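Residues per chain are reported as follows:
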Amino acid sequence: MSVLYSRVKRTVTTGRNPGQKYLAVLFAPSSIDENQIAEEIASATSLAKGDVKNALTSLCEVIMRYNANSVKVKLGSLGTFSPSIKAQAKATLDDVTDDTITRITTKFRPNVVFSKRMKSAGVRLRQKDNKGYQDPE
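Analysis parameters
Residues numbered from 1 in each chain as written. Predicted model: local features only at pLDDT ≥ 70, side-chain atom pairs only at ≥ 80, totals over all residues. Heavy atoms only, no water. Salt bridge = Lys/Arg side-chain N within 4 Å of Asp/Glu carboxyl O. Helix = DSSP H or I, 4+ residues; strand = E, 2+ residues; numbered from the N terminus. Buried < 20%, exposed > 50% of the residue type's maximum accessible area, 1.4 Å probe, protein only. Phe/Tyr/Trp six-rings, centres within 6.5 Å; stacked < 30°, edge-to-face > 60°. Lys NZ or Arg CZ within 6 Å of the ring centre and 35° of its normal. Patch = residues over 30% accessible without salt bridge, like charges linked within 9 Å, V, L, I, M, F, W, Y side chains within 5 Å. Areas by Shrake-Rupley, 256 points an atom, 1.4 Å probe, with all protein chains shown as cover. Pairing = 2+ DSSP bridges. Axes fitted to C-alpha atoms, helices over the stretch in contact; angles between N-to-C directions. Contact = heavy atoms within 4.5 Å.

(A) Quick peek at the pattern of salt bridges. As enumerated under the stated definition, the model contains 1 salt bridge in all. Between E39 and K49 there is a salt bridge, with the nearest N and O atoms lying 3.1 Å from each other. On the criterion of sequence distance, the pair formed by E39 in helix α1 (residues 34–44) and K49 in helix α2 (residues 49–67) is long-range, its members being 10 residues apart. Classification of K49 by relative accessible area gives partly exposed; the value is 35%.

Written out as structure tokens, the structure reads:
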């Protein structure tokens, strides 16, 4: 296993040396959905695909419900889903209201086991004939 990347040319406008630069970017040509995950889990366990799919749907609902009530959700070796807000800074305490909150979201922080798995995956330059980002000529 390895994480694929491509090399691209980008214009950098900040920092000490702005201008045209080359950098590595993630190359993710596809994704999998809940059905594919359910199929894989079903084939690796004694559970039926429908049961797995129901469990995944319920898991998502539970995470959303707890996060919407300011509760973090820790999932073993996967990681933690935490509610998060972004707000405007104000000069006085009385100026801070519901209206100063500009974004409500959830952040995912992988567990140590998950992070180690990603680090051990390594990286590999994608094949040039793959579709997606094109390497600079």
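(B) Geometry of the packing of aromatic side chains. Tallied over the full model, the rule gives 2 aromatic pairs. Ring geometry for F81 versus F108: centroids 4.9 Å apart, planes at 45 degrees, classification tilted. In this pair, F81 sits in strand β4 (residues 79–87) while F108 sits in strand β5 (residues 101–110), placing the two residues 27 residues apart along the sequence. Looking at F108, the relative accessible area reads 35%, which means it is partly exposed. Between F108 and F114, the aromatic rings sit 5.9 Å apart at their centres with planes inclined by 75 degrees, giving edge-to-face as the arrangement. Here the aromatic cluster, defined as three or more aromatic residues joined through ring pairs, consists of F81, F108 and F114. Just above the ring of F27 sits the side chain of R126; from NZ or CZ to the centre is 5.0 Å.

(C) View of a nonpolar patch on the surface. A cluster of nonpolar side chains, namely I32, I37, I41 and L47, defines an oily patch on the protein surface of about 320 Å² accessible area. Along the polypeptide, L47 turns up in the loop between α1 and α2. Since its relative accessible area comes to 45%, L47 is described here as partly exposed.

(D) Broad picture of the sheet that holds strand β2 (residues 19–26). Spatial strand order, β2-β1-β6: 3 strands in an open sheet with mixed pairing. The open sheet has two edge strands with one neighbour each: β2 and β6 (123–125). Strand-to-strand twist in this sheet, taken as the mean axis angle between neighbours without regard to direction, amounts to 45 degrees.

(E) Inspection of the environment of S82 at higher detail. Summarising the element assignment, S82 is placed in strand β4. For the pair formed by S82 and S70, sequence separation is 12 residues and the distance between their alpha carbons is 7.8 Å. When sequence neighbours within four positions are dropped, the list of residues in contact with S82 reads N67, K72, T105, T106 and K107.

Everything listed is a geometric property; what it means functionally is a separate question.
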